[in-house]
Amino acid sequence: MSATAVTSSDRRAHRGRPWVVVFALVFVCSYAGNQFTPLLLLFKDVQHYSTTVVNEFLGVYVFGLAPALLLAGALSDRYGRRPLMLVATLSAVLASGFLAFSAHGVALILLGRWFAGVTVGVAMAVGTAWIKELSEGPYDPGADLQAGARRASLAFTLGSALGALVAGAIAQLTDLGEWLPFVIHALLALPFVWLVTRVPETATTGGVAGPLRRQLRIPAAGHRRFVRVVVPAAPWLFCGAAVAYGYLPVLLGDAAGEWGLGYATLLTVTTLVVAALVQPLAKRVDTPSSARGLVVCLAAMAVGLGAVVAAVVADSLVVGLVAAAMVGVAFGIGIVSSLLEVQRIAGPADLAGLTGVFYAVAYAGFLAPAVLSALSGWVAVPVLLGALVVLAALTAVAVLAAYRRHLPAR
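Residues numbered from 1 in each chain as written. Predicted model: local features only at pLDDT ≥ 70, side-chain atom pairs only at ≥ 80, totals over all residues. Heavy atoms only, no water.

The next point concerns helix α15 (residues 292-314). With 23 residues, α15 should cover 33 Å at 1.5 Å per step; its first-to-last C-alpha distance of 33 Å lies within 8% of that length. One or two steps after α15, the chain reaches D315, where phi turns positive at roughly 50°. (Helix = DSSP H or I, 4+ residues; strand = E, 2+ residues; numbered from the N terminus. Expected span 1.5 Å × (residues − 1).)

Ranked by internal contacts, the top residues of the largest apolar core, which has 115 residues, are M85, F358 and Y363. If you tally residues by element for this core, the top one is helix α11 (residues 224-251), at 15 residues. When near neighbours in sequence (up to four residues on either side) are disregarded, F358 contacts F226, V230, A234, L237, S338, L339 and V342. Judged by nonpolar contacts, the second largest core, of 16 residues, contains L39, L40, F57 and L261. (Core = buried A, V, L, I, M, F, W, Y, C linked by side-chain atoms within 4.5 Å. Buried < 20%, exposed > 50% of the residue type's maximum accessible area, 1.4 Å probe, protein only. Contact = heavy atoms within 4.5 Å.)

Turning next to the packing of aromatic side chains. A full pass over the atoms with the stated rule returns 12 aromatic pairs. Taking 4.2 Å as the distance between ring centres and 10° as the angle between the ring planes, the aromatic pair formed by F238 and Y363 counts as stacked. Here the residue F238 occupies a position in helix α11, and Y363 occupies one in helix α17 (residues 351-363), the gap between them amounting to 125 residues. The residues F238 and Y363 share a single accessibility class, namely buried. One aromatic cluster in this structure is built from F156, F238, F331, F358, Y359, Y363 and F366. Across the ring face of W19, the terminal group of R151 is positioned such that the distance to the ring centre comes to 3.8 Å. (Phe/Tyr/Trp six-rings, centres within 6.5 Å; stacked < 30°, edge-to-face > 60°. Lys NZ or Arg CZ within 6 Å of the ring centre and 35° of its normal.)

A few words now on the pattern of salt bridges. Tallying each qualifying case throughout the model produces 10 salt bridges. For the salt bridge of D144 with R150, the shortest nitrogen-to-oxygen distance reads 3.1 Å. Given a relative accessible area of 29%, D144 falls into the partly exposed group. The exposure class of R150 is buried, given its relative accessible area of 18%. The network of salt bridges with common partners includes R225, D286, E341 and R344. (Salt bridge = Lys/Arg side-chain N within 4 Å of Asp/Glu carboxyl O.)

Given 3.6 residues to a turn, an α-helix orients residues that are three or four positions apart in the same direction. Taking 1.5 Å of rise per residue, the 19 residues of helix α5 (residues 81-99) would be expected to cover 27 Å, and the 27 Å separating its terminal C-alpha atoms lies within 8% of that figure. Within α5, burial applies to R81, L84, M85, A88, T89, S91, A92, V93, A95, S96 and L99.

In this model, G137 is joined to P138 through a cis peptide bond whose omega is 0°. Looking at the element boundaries, P138 is found in the loop between α6 (106-134) and α7 (147-173). Although it is not a glycine, I218 adopts a positive phi angle of roughly 55°. For I218, the position within the fold is in the loop between α10 (212-217) and α11.

Its place among the elements puts E133 in helix α6. Residue classification places E133 among the buried residues on the basis of a relative accessible area of 10%. The residues contacting E133, other than those within four sequence positions of it, are R81, Y139, T202, A203 and L351.

In this section: the confidence of the model for the protein. Low pLDDT marks regions whose predicted coordinates should not be analysed in detail. For the protein, the average pLDDT comes to 88, and 94% of its residues sit at 70 or higher. Every residue in residues 1-14 is under pLDDT 50, and counting partners more than four places away or in other chains gives 18 contacts. (pLDDT = per-residue confidence, 0-100.)

Tallied over the entire structure, the rule returns zero disulfides. Considering cysteine sulfurs only, C297 is the nearest to C239, which forms no disulfide, with 11 Å between them. (Disulfide = S-S within 2.5 Å.)

The next thing to look at is the packing of helix α2 (residues 19-34) against helix α8 (residues 180-189). For any two helices packed against each other, one specifies the crossing angle of their axes together with the interaxial distance. Packing of α2 against α8 leaves a shortest axis separation of 10 Å and a crossing angle of 160°. Considering the angle they form, α2 stands roughly antiparallel to α8. Once α2 is placed against α8, the crossing between them reads as left-handed. Where α2 approaches α8, its residues V28, Y31 and A32 are matched on the opposing element by I184, H185, L188 and A189. (Axes fitted to C-alpha atoms, helices over the stretch in contact; angles between N-to-C directions. Parallel < 35°, antiparallel > 145°, perpendicular 65-115°, else oblique. Left-handed = near helix turned anticlockwise from the far one by under 90°.)

As a further point, take the environment of R228. Looking at the element boundaries, R228 is found in helix α11. Taking the C-alpha atoms as reference points, R228 and Y359, separated by 131 residues in sequence, lie 16 Å from one another.

A separate point is the packing of α6 against α7. One can describe the packing of α6 onto α7 by two numbers: an axis separation of 8 Å at closest approach and a directional angle of 140°. By the criterion of interaxial angle, the relationship of α6 to α7 is oblique. Seen from above, α6 lies across α7 with right-handed handedness. For the pair α6 and α7, contact is made by M124, T128, I131 and K132 and by G148, R151, A152 and F156, respectively. Of the residues in the contact of α6 with α7, the class split is four nonpolar, two polar and two charged. (Nonpolar A, V, L, I, M, F, W, Y, C, P; charged D, E, K, R; others polar.)

What follows is the structure in structure tokens.
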């Protein structure tokens, strides 16, 4: 469809707010990715899987996530947002469908986790770009320039929070945690198989001219602003989140006792809800003339990780909760500021592709708990966490050095 060829259904969509449908779909896809996180203790303690097998459940998610992030955005820049987001919707249903039968074997869990990774990867790369494009004229002419990034970030954080909250609460309070959370999610996702077809297509340029391999290279990924400002900051977003609600509940497991699963859920929800609530502040902090938003994010992340160290040393559930909230502040500011940087750097031909590259780099931070756990046999955990604090601060200094450099053309 050309830029001037608008269907009658598209014209009807212009009179509403089509970004709301994509917002809800990204919400549901993010929900799919994070509902499994608080259930790790359940699968270990109830189904008696070893730590190695539980780590495989986490790892197979990455095998679906990484290629989806790197390929889906570029493919949607070439072929359109709608078909790729339909793939994400179907993948979400399959993910929860397989996981609902998790009691019947490891293979079904692995399949479910792989499809969950695909779901989140496509939604983050393509859905973020689609929300941005629908948050401007002619679809939403009253929206400000930052609306697309804020809405995409909010959909991701709230969906991730609710997925963890529902699954964790059901598992902590009932005996239905092995299947009911996934059935609920599948029922939420199914209507979007139809709803996504009602959203106007915005990727009408055909992407980067030439063969598909040229599109997959994502030229904007080589932009100096992206390489020197966005890339150094990106892994800290999910590094902080993974430590706050993935690793900290393990470290405070003895203090939490039989409420360990509930405490892990509380840390997850606290981190992500605070990240969502802080987005009005992120709007004020960000500026197109400097990297102020990312510098503030990294400084706040260093403080939040310092609070994690304090929680571990004091073996305090309360300090752990405060630390999760502080990491949430950094995460909320950082993800909005990063997406705004990406959207200023990318052009219409590779917006989704560059968004996917950003998320792929950012999700690398989720490896932090595995690395810390592997090193903890040789180095004390507080020392390792303290090293993260120092590295976050040094990254803030490095980003500060490129504060106003390599700004994209307005």
